[in-house]
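Residue-level structural notes
Each chain, letter by letter, is given below.
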Amino acid sequence: MKRKHRKLALMTALAGMLLTNSAVLAAPPEDTSEFELGTVVVTATKTEKNIKDVPASVSVITADDLAKANIQTLDQALHYVPGLYVKESQGMMGTKISLRGMSQSRVLVLMDGIPLNNGYAGGANWGNIPIALIDRVEVTKGSFSSLYGSNAMGGVINIITKSDAKTQTIIKGGFGGNGTTAGSFFTSGHSDNNKFRYNLSYDKREVDGYVNQPEQNPGGNRYGDFATENENTGIKLMYDFSESERLSLLRTESNYTYGYYEGGKDRGQRKVELTGITYEKKLDDTKELKIHLGEQNYKKYWQKVGTNYSSTPVKTQEADISLNWAVNDKNLLTIGVAAKEDKGSQYDLQGVKTTAATAKTNAVYLQDEITLNPRSTLYLGARYDEWKTSDTVNNGKIIADRKISKVSPKASVHYKADDKVTLYASAGKSLNSPTLMNVAFDYNDLQKNSELEPEILTSYEIGAYITAAPQTTTKLAVFKNNVENLIYQGKSRWEQGDAEILGFEVEVKHKFTPELSGFVNYTYNDTKFTKLTRNNVNYKGNHVPTVPMDTLTFGCTYAKDKWTTNLLGRYIGTAYEDEANTVGFMSHFVADVKLNYAMTKDTSLSLSVDNIFDREYLQRVGTFNIYAPGRVAYLELTQKF
């Protein structure tokens with residue numbers, strides 16, 4: 001995995017690009033009004049609204065935010081969203097997230113409306129998302145099964161790709177610590193009449209790695225450097241038939257491999273293809289139609305852990321048709337139907353299929369946005385989901401088909417107190433269906449449980465958006481969630497229990513001067529079991545694993561003339577890895593910095609240093625410990641054409 005010759009070639013290319021560009025004064029930084037609560041979002045209500053006018057807590061990450069920091073994969077940007085905890089990990093486990101105590105299989109991840117949650121285990125693969133295609137990311141927190149169904153129990157992360165396509169090409173190349181080399185290419189353009197537009201991206205990142213498990217002895221499964229290679233291709237095509245009718249096609253392909261190639265044995269691969277078609281048409285002044293069709297195909301999804309081998313390719317196909325209808329001045333209806341199919345298989349080391357299963361969901365949903373008066377709006381919604389399994393065979397044994405139906409209702413109210421303060425409150429129920437891994441597949445020593453019930457969450461939330469001054473905004477939210485049938489790992493198979501989540505979030509953003517801006521946010525998250533028994537031990541009152549009680553993040557950006565400096569810091573409180581709360585990783589603080597120098601209006605050079613204080617902390621604790629990397633520097637050159 002050593003690539004010294006490639007690093008030398010890359011360094012030479014960077015130097016050549018530097019020498020061929022003269023340094024001129026860069027354009028002054030644009031005022032993006034990031035501290036105004038006027039950002040338009042669509043996820044919370046499936047209609048376009050200013051962020052301060054939605055009855056939910058919403059955070060937005062823009063393409064500009066991604067460029068300011070050293071973001072190689074999208075999960076690195078999620079660190080700084082209040083209420084969202086990113087648990088870094090390695091290998092097929094990948095990075096795991098939790099939103100207000102709800103783990104990643106309980107958080108719906110969308111890309112242009114297409115679900116990215118894996119049909120096998122329910123999580124999303126963050127390394128498979130081309131960063132260059134992203135316009136913004138909307139993180140909508142709280143219960144949203146009333147609009148989106150299963151997986152949206154804890155919230156929705158909606159990745160919205162770029163729809164504009166000005167004629168440009170951007171090339172990036174860089175290298176850094178742990179033997180990292182990376183490069184990316186992005187180009188976009190349009191036809192003369194601007195009806196046809198395209199965005200195309202490619203990126204590749206290779207990391208020789210570091211020793212993340214120093215306790216391993218020579219010959220151990222995880223001995224030596226942990227190395228990764230990630231390659232992504234993405235294309236988006238758009239055609240406007242008219243100002244009121246558009247067709248879009250999104251296609252991405254990614255290949256991620258990892259392993260301990262110099263002494264260890266563990267390794268794996270994820271090869272994923274994503275295809276999405278979106279059709280939008282404004283039927284008349286009161287009606288707007290939107291159709292999503294998508295497919296996510298994990299063509300290769302295997303890992304080797306010691307002597308255990310698991311290959312679980314899975315394909316997910318989905319469709320969603322919705323209509324926004326302004327019935328009158330007081331009522332805006334959102335009506336929709338949705339369908340999804342997850343179809344997966346499991347193979348042993350000899351390539352013999354041992355398990356196969358299919359899960360299908362059909363749904364219908366309705367939301368009424370009722371304008372009570374100029375200051376108050378009431379939202380009433382519900383979704384009916386029918387989930388069923390079929391064609392399930394495990395090691396030659398046929399498992400009976402199942403069918404479960406649930407209704408997820410929700411009510412929200414939004415109140416505009418004045419021009420500076422808006423308030424909201426909501427209450428609802430959400431569901432999360434078991435995954436194929438839960439009900440059909442055996443994973444190492446953990447057996448399936450075909451009798452699992454859907455998880456049910458009852459949620460309550462109140463919040464506020466406050467503009468104390470033109471350059472200062474504050475967001476507040478207090479929430480309580482009760483979870484029934486929470487799925488967890490038992491002694492030999494998946495089991496279920498109950499949990500309660502209490503918490504609050506606060507975030508303040510302020511622009512000190514035209515050049516200097518900053519933010520700080522804090523999340524308190526008390527997540528405990530209210531009913532759970534494992535191995536005849538009662539864990540009632542214990543904390544749910546991998547959910548820290550306290551997280552604090554902050555950041556500031558200074559941009560003047562040719563220089564832009566971005567500093568980000570995060571404090572993560574203590575969290576546990578087990579239900580007994582005896583094994584866990586201690587609290588830690590990590591700070592990252594990125595300096596960007598604009599050599600010309602089209603050429604820039606940046607230096608990023610992650611973990612600038614070289615803190616030592618664990619990413620995983622248990623039967624084996626995984627250490628996070630220490631201080632890592634990365635140098636990158638960007639050239640626009």
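Residue indices follow the written sequence of each chain, beginning from 1 at its first position. Reporting in this predicted model follows two pLDDT cut-offs: at least 70 for local features of residues, and 80 or more for side-chain atom pairs to be given and counted; totals over whole chains, interfaces and linings ignore these cut-offs and use all residues. Calculated side-chain values reflect all of the structure's heavy atoms, with hydrogen atoms and water omitted.

Re the overall build of the protein chain
Put simply, the rule is: Strands are runs of DSSP state E lasting at least two residues, helices are runs of H or I lasting at least four, and both sets are numbered from the N terminus onward. Put simply, the radius of gyration uses C-alpha atoms, and a globule should come to 2.2 Å times the residue count raised to 0.38. For every residue, the accessible area obtained with a 1.4 Å probe (protein chains only) is divided by the maximum for its type, and the residue is called buried under 20%, exposed over 50%, and partly exposed between those limits. Only heavy atoms enter the contact rule, under which two residues are in contact if any of them lie within 4.5 Å. Per-residue and other accessible areas were derived by the Shrake-Rupley procedure at a 1.4 Å probe size, with only the shown protein chains allowed to occlude residues. All tallies of charge rest on Lys and Arg as positive and Asp and Glu as negative; His and the ends of each chain are not included. Every charge is mapped to an atom, namely NZ of Lys, CZ of Arg, CG of Asp or CD of Glu.
Along the protein chain, the regular secondary structure elements total five helices and 40 strands. Here the C-alpha atoms of the protein chain give a radius of gyration of 24 Å, agreeing with the 26 Å that 2.2 N^0.38 yields for 641 residues. Each principal axis of the C-alpha atoms in the protein chain carries an extent, and together these give about 70 × 70 × 45 Å. Split into buried and exposed, the 641 residues of the protein chain put 53% on the buried side. A sequence separation of at least 24 residues applies to 62% of the contacts in the protein chain between residues at least 6 apart. Element-wise, carbon and sulfur atoms account for 54% of the exposed surface of the protein chain, whose accessible area totals about 27,600 Å². When the 74 basic and 73 acidic side-chain charges of the protein chain are each reduced to a single mean position, those positions are 2 Å apart.

With respect to the sheet that holds strand β10 (residues 155–161)
Heads up, the rule is: Strand pairing is assigned whenever DSSP identifies at least 2 bridges connecting the two strands.
Overall, mixed pairing links the five strands, which are arranged β3-β9-β10-β7-β8 in an open sheet. If you trace the sheet from one side to the other, it starts and ends with β3 (57–62) and β8 (114–115), each paired once. Judged from the seven bridges that link them, strand β9 (residues 134–141) and β10 form a sheet pairing that is antiparallel. Paired with Ile134 across the two strands is Thr161, which belongs to β10.

Considerations on empty space enclosed by the protein
Test applied: In the cavity and pocket records, a cavity denotes points on a 1 Å grid over the protein atoms alone where a 1.4 Å probe fits but cannot get out, a pocket denotes an open set with protein on both sides within 12 Å along at least 5 of 7 lines, and lining residues are residues with an atom within 4 Å of a point. Grid points are joined across faces, edges and corners, and a volume is the space filled by probe spheres set on the points.
For the coordinates displayed, the defined rule picks out 11 cavities of 30 Å³ or more. A volume near 170 Å³ is recorded for the largest cavity. Forming the walls of the largest cavity are 17 residues, and the residues nearest its centre are Asn151, Lys340, Asp342, Ser433 and Pro434. Secondary structure elements with two or more residues in the lining of the largest cavity: β20 (331–347) and β21 (353–373). It is β21 that provides the largest number of residues to the lining of the largest cavity, a total of three residues.

Notes on the confidence of the model for the protein chain
Regions with low pLDDT should not have their predicted coordinates read in detail. Applied cut-off: Think of pLDDT as the predictor's per-residue confidence, scored from 0 to 100.
Scored by pLDDT, the protein chain has a mean of 88; 92% of the residues are at 70 or more. For the protein chain, helix α1 (residues 4–19) is the element with the lowest average pLDDT, namely 40, and strand β19 (residues 314–326) is the one with the highest, namely 97.

With respect to the pairing of strand β32 (residues 550–560)
Of the two faces of β32, the one holding Thr551, Thr553, Gly555, Thr557 and Ala559 is buried and the one holding Asp550, Leu552, Phe554, Cys556, Tyr558 and Lys560 is not buried anywhere. The pairing of strand β29 (residues 516–531) with β32 spans nine bridges and is antiparallel. Pairing of Gly518 across the sheet is with Cys556, part of β32. In the sheet, β32 pairs with strand β33 (residues 563–572) via 10 bridges, with the strands oriented antiparallel. Within β33, the residue paired with Ala559 across the bridge is Thr564. The hairpin formed by β32 and β33 contains two residues between the paired strands, and Asp561 there has a positive phi angle of roughly 55°.

Some thoughts on a nonpolar patch on the surface
Keep this limit in mind: Like-charged residues within 9 Å of one another, or nonpolar side chains (Val, Leu, Ile, Met, Phe, Trp, Tyr) within 5 Å, are grouped into patches, provided each residue has over 30% relative accessible area and no salt bridge. In what follows, salt bridge is the name for a side-chain nitrogen of Lys or Arg lying within 4 Å of a carboxyl oxygen of Asp or Glu.
Together, Phe196, Tyr239, Phe241, Leu247, Leu249, Ile277 and Leu293 give the surface a local cluster of nonpolar side chains, amounting to about 570 Å² of exposed area. At the level of secondary structure, the elements contributing two or more residues to the nonpolar patch comprise β14 (226–242) and β15 (245–259). Among the secondary structure elements, Leu249 is positioned in strand β15.

Remarks on the packing of aromatic side chains
Selection rule: The rule is short: rings of Phe, Tyr and Trp, with Trp giving its six-membered ring, pair when the centres are within 6.5 Å, and they are stacked under 30 degrees, edge-to-face over 60, tilted in between.
For the structure on display, the rule yields 14 aromatic pairs. Relative to Phe441, the ring of Tyr120 has its centre 5.3 Å away and its plane inclined at 85°; by these criteria the two rings are edge-to-face. Of this pair, Tyr120 sits in the loop between β8 and β9 while Phe441 sits in the loop between α5 (436–439) and β26 (455–469), and the two are 321 residues apart along the sequence. Overall, the relative accessible area of 1% leaves Phe441 in the buried class. Here Trp563 and Tyr597 contribute two aromatic rings whose centre-to-centre distance is 4.7 Å and whose plane-to-plane angle is 45°, an arrangement assigned as tilted.

Considerations on the sheet that holds strand β5 (residues 96–99)
In spatial order, the strands read β4-β5-β6; together these three strands make up an open sheet with antiparallel pairing. Strands at the two margins of the open sheet, each flanked by one partner only, are β4 (84–87) and β6 (102–103). Pairing of β5 with β6, which is carried by two bridges, proceeds in the antiparallel orientation. Directly across from Leu99, in β6, lies its bridge partner Met102.

Considerations on the pairing of β19
As judged from the 12 bridges shared by strand β17 (residues 287–305) and β19, these two strands associate in the antiparallel manner. Looking across to β19, one finds that Glu288 is bridged to Asn324. Here β19 runs beside β20; their pairing, made up of 13 bridges, is antiparallel. If you follow Glu318 over to β20, its bridge partner there is Lys340. If you look at the hairpin formed by β19 and β20, you'll find four residues sitting between the two strands.

Describing the side chain of Gln269
What counts is decided by this rule: Any pair of N or O atoms that falls within 3.5 Å is considered a polar contact. Within protein, one atom must be able to donate a hydrogen and the other to accept it, and sequence-neighbouring residues count only if both atoms are side-chain atoms.
Secondary-structure assignment places Gln269 in strand β16 (residues 267–282). Using a relative accessible area of 12% as the deciding quantity, one classes Gln269 as buried. In terms of polar contacts, Gln269 uses its side chain to reach the side chain of Trp302, at 3.0 Å.

Observations regarding unusual backbone geometry
The backbone of Asn178 sits at a positive phi, close to 60°, despite the residue not being glycine. Following the sequence through the fold, Asn178 ends up in the loop between β11 (168–176) and β12 (180–190). By relative accessible area, Asn178 is classed as partly exposed at 28%.

Thoughts on the pattern of salt bridges
Here the structure, examined in full by the defined rule, presents 31 salt bridges. The closest approach of N and O atoms between Glu369 and Lys49, which form a salt bridge, is 2.7 Å. Within this pair, whereas Glu369 is found in strand β21, its partner Lys49 is found in strand β2 (residues 49–50), the two being separated by 320 residues in sequence. The exposure class assigned to Glu369 is buried, which follows from its relative accessible area of 10%. Of the charged contacts, one joins Arg570 and Asp592 as a salt bridge, the two residues approaching to 3.2 Å between their closest N and O atoms. Pair noted here: Arg570 is in strand β33 and Asp592 is in strand β36 (residues 588–598), with a separation of 22 residues, a long-range link.

Re the environment of Arg106
Structurally, Arg106 can be placed in the loop between β6 and β7 (108–111). Sequence separation of Arg106 and Ser433 is 327 residues, and the distance between their C-alpha atoms is 9.1 Å. The residues contacting Arg106, other than those within four sequence positions of it, are Asn151, Ala152, Met153, Gly154, Gly155, Asn432, Glu455, Leu486 and Ile487. Within polar-contact distance, the side chain of Arg106 engages the backbone oxygen of Ile487 at 3.1 Å.

Digging into the nonpolar core
Which entries qualify depends on this criterion: By convention a nonpolar core is built from buried Ala, Val, Leu, Ile, Met, Phe, Trp, Tyr and Cys residues, the set being connected through side-chain atoms within 4.5 Å.
Counting residues in hydrophobic clusters, the biggest one holds 48 residues, and the most contacted among them are Leu74, Leu78, Leu84, Trp126, Ile157 and Ile159. A per-element tally of this core places strand β27 (residues 472–489) first, with four residues. Sequence-distant contacts of Ile159, defined by excluding residues within four places in its chain, comprise Leu74, Val109, Leu110, Met111, Asp112, Leu116, Ile129, Ile134, Arg136 and Val137. In terms of nonpolar packing, the next biggest core, distinct from the first, is built from 18 residues, Val54, Val58, Val60 and Tyr465 among them.

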